[in-house]
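Structural overview for review
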Amino acid sequence: MSVKDRIIDACDIETFLVCDGVEEGKKLGLRLMAELGFSDADVVFCEEGGSGVRIRLRAYVHRPASVYRWHSRGGEPS
């Protein structure tokens, strides 16, 4: 079982990206989440400052009411 399988809901990442503005920052942030292997992600916060943006991203591993991978294996994560 992967560590991702043990995440109950979501994984948040906050970082500073060097870019030309908020729109580019959002695109880069979502691209980052895809490169990290997350297929369902949202921009939670994005603020321009200096040479780029401060951005907070949330990757949803399990949305509410979804089937949890760890639960389908008998309850206890291994």
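Heads up: the structure comes first, above all this text.
The rules we used
Residues numbered from 1 in each chain as written. Predicted model: local features only at pLDDT ≥ 70, side-chain atom pairs only at ≥ 80, totals over all residues. Heavy atoms only, no water. Pairing = 2+ DSSP bridges. Helix = DSSP H or I, 4+ residues; strand = E, 2+ residues; numbered from the N terminus. Core = buried A, V, L, I, M, F, W, Y, C linked by side-chain atoms within 4.5 Å. Buried < 20%, exposed > 50% of the residue type's maximum accessible area, 1.4 Å probe, protein only. Contact = heavy atoms within 4.5 Å. Axes fitted to C-alpha atoms, helices over the stretch in contact; angles between N-to-C directions. Salt bridge = Lys/Arg side-chain N within 4 Å of Asp/Glu carboxyl O.

What to know about the pairing of strand 3 (residues 52-60)
Along any regular strand the residues' side chains alternate between the sheet's two faces. Sheet topology places strand 1 (residues 10-18) next to strand 3; 9 bridges connect them, and they run antiparallel. Residue pairing for strand 3: Thr-15 is matched across the bridge by Ile-55. When strand 2 (residues 41-49) meets strand 3, the two strands line up antiparallel, connected through 8 bridges. Counted as the bridge partner of Gly-49 is Gly-52 from strand 3. Hairpin connection, strand 2 to strand 3: the antiparallel pair is bridged by 2 residues, and Gly-50 has positive phi, about 65 degrees.

A few points about the nonpolar core
Ile-7, Leu-17, Cys-19, Met-33, Phe-38, Cys-46, Val-53, Ile-55, Leu-57, Ala-59 and Val-61 together form the largest nonpolar core, which totals 11 residues. For this core, the element with the most residues is strand 3, which contributes 4 residues. Not counting the four nearest positions on each side in its chain, Val-53 is found in contact with Thr-15, Phe-16, Leu-17, Cys-19, Gly-21, Val-22, Gly-25, Cys-46, Glu-47 and Glu-48.

Notes on the sheet that holds strand 3
Spatially, 1-3-2 is the arrangement adopted by the 3 strands of the open sheet, whose pairing is antiparallel. Looking at the sheet topology across the chains shown, the edges are occupied by strand 1 and strand 2. Pairs of neighbouring strands in the sheet enclose a mean axial angle of 15 degrees, with direction left out of account. Where helix 1 (residues 22-35) meets the sheet, its contacts fall on strand 1, strand 2 and strand 3, and the angle it forms with strand 3 comes to roughly 35 degrees.

Looking at the pattern of salt bridges
Under the criterion given, the structure shown has 5 salt bridges. The partner of Asp-12 in a salt bridge is Arg-58, and the shortest N-O contact between them spans 2.7 Å. Of the two residues, Asp-12 sits in strand 1 while Arg-58 sits in strand 3, which places them 46 residues apart along the sequence. Arg-63 is the salt-bridge partner of Asp-40, the closest N and O atoms lying 2.9 Å from each other. Residue Asp-40 is located in the loop between helix 1 and strand 2, and its partner Arg-63 is located in the segment after strand 3; the two are separated by 23 residues in the primary sequence. Owing to a relative accessible area of 26%, Asp-40 belongs among the partly exposed residues under this scheme.

With respect to the environment of Asp-20
Take Asp-20: it is sitting in the loop between strand 1 and helix 1. Separated by 32 residues in sequence, Asp-20 and Gly-52 place their C-alpha atoms 6.1 Å apart.

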